[in-house]
Amino acid sequence: MAASKLQALWNHPAGPKTIHFWAPTFKWGISIANIADFAKPPEKLSYPQQIAVTATGVIWSRYSTVITPKNWNLFSVNIAMAGTGIYQLSRKIKHDYFPEGEAKPAVATE
């Protein structure tokens with residue numbers, strides 16, 4: 001049973017014998033690096049970089065579902081890229097436009 005599943009994966013049109021397998025597999029490195037950057041302070045994040053990661057994830061996620069053969073490895077890595085990019089952008093925007101340390105205006109009481 002397991003041998004037949006491995007054989008099916010090996011011979012799949014987007015399997016390990018093709019670039020359609022290896023390109024998305026190595027692309028996971030970008031998502032992993034973005035996850036590692038979760039520990040980085042938001043002021044050190046780059047808008048252009050995170051916009052590019054997010055846009056790439058969104059665009060290629062859609063593309064991976066309309067091509068033949070469907071490439072679920074490509075789909076999953078791009079969902080991860082979009083998700084991590086959106087999260088990093090939200091951190092950066094929150095830091096730049098909604099700082100927590102500022103004093104709120106006092107409300108006049110009578």
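Keep in mind that this is a model prediction, so the values were computed, not measured.

## Quick look at the overall build of the chain
Across its full length, the chain holds 4 helices and 0 strands. With respect to the three principal axes, the spread of C-alpha positions in the chain is 80 × 30 × 25 Å. Classification of the 110 residues of the chain by burial places 27% in the buried group. Sequence separation of at least 24 residues holds for 71% of the intrachain contacts in the chain that already meet a minimum separation of 6. Summed over its atoms, the accessible surface of the chain is roughly 7700 Å², and 69% of this surface lies on carbon and sulfur atoms. Put simply, the chain has 11 plus and 6 minus side-chain charges, and the middle of one group is 23 Å from the middle of the other.

## Some words on the packing of helix α2 (residues 19-36) against helix α3 (residues 47-66)
Where α2 meets α3, the axes come as close as 12 Å, and the angle between the chain directions of the two elements is 135°. As the angle between them shows, α2 and α3 are arranged oblique. The chirality of how α2 crosses α3 is left-handed. Within the contact between the two elements, α2 uses Lys 27, Ile 30 and Asn 34 and α3 uses Gln 50, Val 53, Thr 56 and Trp 60. Broken down by class, the residue content of the contact of α2 with α3 amounts to 3 nonpolar, 3 polar and 1 charged.

## What about the packing of aromatic side chains?
Under the defined criterion, the tally for this structure stands at 5 aromatic pairs. Here Phe 21 and Trp 22 contribute two aromatic rings whose centre-to-centre distance is 4.7 Å and whose plane-to-plane angle is 90°, an arrangement assigned as edge-to-face. Residues Trp 72 and Phe 75 carry aromatic rings whose centres are separated by 5.6 Å and whose planes lie at 85° to one another, so their mutual orientation is edge-to-face. On the criterion of helical spacing, the pair formed by Trp 72 and Phe 75 is a turn pair, its members being 3 residues apart in helix α4 (residues 72-97). Relative accessible area serves as the criterion here: at 52%, Trp 72 is assigned to the exposed category. Under the relative-accessibility criterion, Phe 75 is labelled partly exposed at 27%. Taken together, the ring pairs connect Phe 21, Trp 22 and Phe 26 into an aromatic cluster.

Cut-offs applied
- Residues numbered from 1 in each chain as written.
- Predicted model: local features only at pLDDT ≥ 70, side-chain atom pairs only at ≥ 80, totals over all residues.
- Heavy atoms only, no water.
- Helix = DSSP H or I, 4+ residues; strand = E, 2+ residues; numbered from the N terminus.
- Buried < 20%, exposed > 50% of the residue type's maximum accessible area, 1.4 Å probe, protein only.
- Contact = heavy atoms within 4.5 Å.
- Areas by Shrake-Rupley, 256 points an atom, 1.4 Å probe, with all protein chains shown as cover.
- Lys, Arg positive; Asp, Glu negative; His and termini not counted.
- Charge placed at Lys NZ, Arg CZ, Asp CG, Glu CD.
- Axes fitted to C-alpha atoms, helices over the stretch in contact; angles between N-to-C directions.
- Parallel < 35°, antiparallel > 145°, perpendicular 65-115°, else oblique.
- Left-handed = near helix turned anticlockwise from the far one by under 90°.
- Nonpolar A, V, L, I, M, F, W, Y, C, P; charged D, E, K, R; others polar.
- Phe/Tyr/Trp six-rings, centres within 6.5 Å; stacked < 30°, edge-to-face > 60°.

So far we have only geometry, and geometry alone does not tell us how the molecule works.
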